[in-house]
Amino acid sequence: MPKKPLAQPKEKEKEEEPKELKIEAKVDDKAPMKKGKTPQLLRGFRDILPDDQPYWDAVHGVGQGLAKSYGYDRIELPLVESADLFARSVGKQTDIVEKEMFMFPDASGVNVVLRPEATASCARAYIEHGMVDRPQPVKMYYEGPMFRYERPQAGRYRQFFQMGFESFGSPDPVVDAEMIILGNVLYNELGLPVVAHVNSLGTPENRTQYKVELVAHYRKHKNETCEDCKRRILKNPLRVLDCKEEGCQPIKESAPQILDFLDEASKEHFMKVLEYLDEMSVPYVLTPHLVRGLDYYAHTVFEFYLADQEEGRRQTALGGGGRYDGLCELLGGRPTPACGFAPGVDRIMSAMKEKGLSGIVRQPQVFLAPLGDAARKKAFPLFERMRKAGIDATQSFGKSALKAQLEAADKAKVRYTLILGQKEVLDGTIIIRDMESGAQETVDNSKVVAILQKKLEKAV
Ligand code: AMP
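Residues numbered from 1 in each chain as written. Predicted model: local features only at pLDDT ≥ 70, side-chain atom pairs only at ≥ 80, totals over all residues. Heavy atoms only, no water.

Moving on, we get to the packing of aromatic side chains. Under the defined criterion, the tally for this structure stands at 19 aromatic pairs. Measuring from centroid to centroid gives 5.9 Å for Phe-165 and Phe-341, while their planes differ by 15°, and the two rings are stacked. Of the two residues, Phe-165 sits in strand E6 (residues 159–168) while Phe-341 sits in strand E11 (residues 338–343), which places them 176 residues apart along the sequence. Between Tyr-187 and Phe-341, the ring centres sit 6.3 Å apart and the planes meet at 70°, which makes this aromatic pair edge-to-face. In this pair, Tyr-187 sits in helix H6 (residues 173–189) while Phe-341 sits in strand E11, placing the two residues 154 residues apart along the sequence. This pair shows no difference in class: Tyr-187 is buried, exactly as Phe-341 is. An aromatic cluster is defined as three or more aromatic residues linked by ring pairs; in this entry it consists of Tyr-72, Tyr-141, Phe-165, Tyr-187, Phe-302, Phe-304 and Phe-341. Its guanidinium or amino end placed over the ring of Tyr-157, Arg-46 lies 4.5 Å from that ring's centre, counting from NZ or CZ. The positively charged end of Arg-158 is found above the aromatic ring belonging to Tyr-149, 3.8 Å away from the centroid. (Phe/Tyr/Trp six-rings, centres within 6.5 Å; stacked < 30°, edge-to-face > 60°. Helix = DSSP H or I, 4+ residues; strand = E, 2+ residues; numbered from the N terminus. Buried < 20%, exposed > 50% of the residue type's maximum accessible area, 1.4 Å probe, protein only. Lys NZ or Arg CZ within 6 Å of the ring centre and 35° of its normal.)

Quick look at the structure:
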């Protein structure tokens, strides 16, 4: 039989062959990693330390719980995406794309970025996996790090964490309202009273008319604005309203308001959203110049702030979102109404800490203290037996002396400590020590899990 010729790689695959990587890293004398010194964190990056975990767990726990209750299914999205995805969705003249992307060529020379946000990724996934053919709306939840090369300052990092709720396929204002209501519940459950700043950006036609007036207003103040505003008013006028420069704020405040340019249907959509918020007593304020920095928004936009933020203190949003009906089409998919909300984990955690709130602190019930090598070998399987039986046990097998282990048990505030010495290993027994009374009893090792379960049930 003639041998089939080996399939030739397709042209596209050939192109994607990795080239030899030449790493010519710029050597920065001011960089933290000076020769011989201990490497340090990059500017704008941070470690989420073990002490932060109670807050981390609380925030994600509430986020995940709400995602389940409100019917958002979990999606994991890649950290690295094509640069084109964000240029086309977030917009070329936005701060994020112009200045803040961690972008670099991969080994095949294609420009990739560390994702600056995940709504665009979620829309890409929705299109790529044909989710438009499923019953709508398709609701998805994600969490993870985002990367923006911003100037680091309080509450602003270059790697920060978001949770995200996205709903694709429904134009109904109830979806916009659900995002804001869900946000309000999320912050309140974490002990943070908030106020939602809300606005409507209407349709593309409404914005075209609005932009004419906005440009006229900024032209009048041409000499007072920053260079970015001068450039943006020509290329992408709405983006001047994102400007954070002090000097530009009075011009922004006196600018025309988009709400005056909404058509009847857009006004009605927005009024319905507000009616749902009123019904649920969600605190909100109309914020006429809120445009949210990304090009893909339409109709409702919102941001959450602490309700009791001190006067005069710089406000940082704890999360934000809005409707993005045009996004899927922009990315080559079918026109799909959609809406989303992304709370910022880092800022929520620091607000909780500042308010003296506590996160979720784990409280183990049992400490296992083996004495000597033979006991340690028996301790591992016992520890697993307890874990599988649902007993929250802890240990510090790295410590050997009984005194040190009892101190660790005290610190962990457990109800019982199990002591396993040489003698107990030989007898097949174990000592249960009541940490409150100090009373000890010796029991059969094979029965200790059941005995503990009973004791702990009684103690509840
Ligand atoms: P955005 O994607 O810009 O709408 O951001 C949504 C939320 O993410 C914000 O309200 C913040 O809570 C958080 N966030 C955005 N950028 C940063 C950053 N550089 N550092 C920390 N949190 C951020």
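Of all hydrophobic cores here, the largest spans 51 residues; its most connected members are Ile-75, Phe-86, Met-140, Phe-168, Leu-214 and Tyr-218. In this structure, Leu-182, Leu-277, Phe-304 and Met-352 belong to the second largest nonpolar core, which totals 43 residues. (Core = buried A, V, L, I, M, F, W, Y, C linked by side-chain atoms within 4.5 Å.)

With that out of the way, let us pick up the sheet that holds strand E3 (residues 102–105). Spatial ordering of the open sheet is given by E2-E4-E3, a layout of three strands whose pairing is antiparallel. This sheet does not close on itself; its edge strands, each paired only once, are strand E2 (80–82) and E3. Ignoring which end each strand starts from, the neighbouring axes of this sheet average 35° apart. (Pairing = 2+ DSSP bridges. Axes fitted to C-alpha atoms, helices over the stretch in contact; angles between N-to-C directions.)

The element strand E10 (residues 319–323) is largely enclosed, with a buried count of five among its five residues. Burial along E10 is two-sided: the face carrying Gly-319, Gly-321 and Arg-323 and the face carrying Gly-320 and Gly-322 are both buried. Across five bridges, the pairing between strand E9 (residues 298–306) and E10 is antiparallel. Across the sheet, residue Glu-303 finds its bridge partner in E10, namely Gly-320. Sheet topology note: the E10/E11 ladder contains five bridges and is antiparallel. Bridge pairing links Arg-323 to Cys-339 in E11.

Taken together, the eight strands give an open sheet; going across it, the order is E1-E5-E6-E11-E10-E9-E7-E8, and neighbouring strands pair in mixed fashion. Edge positions in the sheet fall to strand E1 (73–74) and strand E8 (284–286), since each of these pairs with one other strand and no more. Pairing between strand E5 (residues 138–147) and E6: 10 bridges, direction antiparallel. Within the sheet, the bridge partner assigned to Lys-139 lies in E6 and is Ser-167. Contacts between helix H12 (residues 345–354) and the sheet are confined to E6, E9 and E11, with E6 contributing the most and set at about 115° to the helix. (Contact = heavy atoms within 4.5 Å.)

Right, let's get into the pattern of salt bridges. Applying the stated rule across the entire model yields 33 salt bridges. Here Arg-362 ties to Asp-392 by a salt bridge, and the two come within 2.5 Å at their closest N and O atoms. With Arg-362 in the loop between H12 and strand E12 (366–370) and Asp-392 in the loop between helix H13 (373–388) and strand E13 (393–395), this residue pair connects regions lying 30 residues apart in the sequence. The closest approach of N and O atoms between Lys-455 and Glu-441, which form a salt bridge, is 2.6 Å. Taken together, the residues span a long stretch of sequence, with Lys-455 in helix H16 (residues 448–459) and Glu-441 in strand E16 (residues 440–444) at a distance of 14 residues. When its relative accessible area of 34% is taken as the criterion, Glu-441 is described as partly exposed. Where salt bridges share partners, they join Asp-95, Glu-98, Lys-99, Asp-228, Arg-231 and Arg-232 into one cluster. (Salt bridge = Lys/Arg side-chain N within 4 Å of Asp/Glu carboxyl O.)

Turning next to the environment of Arg-124. Along the polypeptide, Arg-124 turns up in helix H5 (residues 119–128). Along the primary structure Arg-124 and Leu-331 are separated by 207 residues, whereas in three dimensions their C-alpha atoms are 7.1 Å apart. With residues up to four places along the chain from it excluded, the contact list for Arg-124 reads Leu-77, Pro-78, Glu-81, Leu-85 and Leu-331.

What follows is about the site of the ligand. Not every one of the 15 residues close to the ligand is listed here, only the nearest: Arg-148, Glu-150, Tyr-157, Arg-292 and Ala-317. In this structure, an oxygen atom belonging to the ligand sits 2.9 Å away from a main-chain N or O atom of Ala-317. Protein contact buries 92% of the 480 Å² of open area that the ligand shows by itself. Along the lines of polarity and charge, the residues of the shell around the ligand split into five nonpolar, five polar and five charged. (Near = heavy atom within 4 Å. Polar contact = N/O pair within 3.5 Å; in protein donor to acceptor, adjacent residues only side chain to side chain. Areas by Shrake-Rupley, 256 points an atom, 1.4 Å probe, with all protein chains shown as cover. Nonpolar A, V, L, I, M, F, W, Y, C, P; charged D, E, K, R; others polar.)

This brings us to the side chain of Ser-89. In this fold, Ser-89 is placed in helix H3 (residues 83–89). The class of Ser-89 is buried, set by a relative accessible area of 1%. A distance of 2.6 Å separates the side chain of Ser-89 from the backbone oxygen of Leu-85, its partner in a polar contact. In this structure, Ser-89 is in contact with Ala-120, Asp-295, Tyr-296, Leu-327, Leu-330 and Leu-331, ignoring residues within four places of it in sequence.

By themselves, these are just geometric observations and shouldn't be taken as functional.
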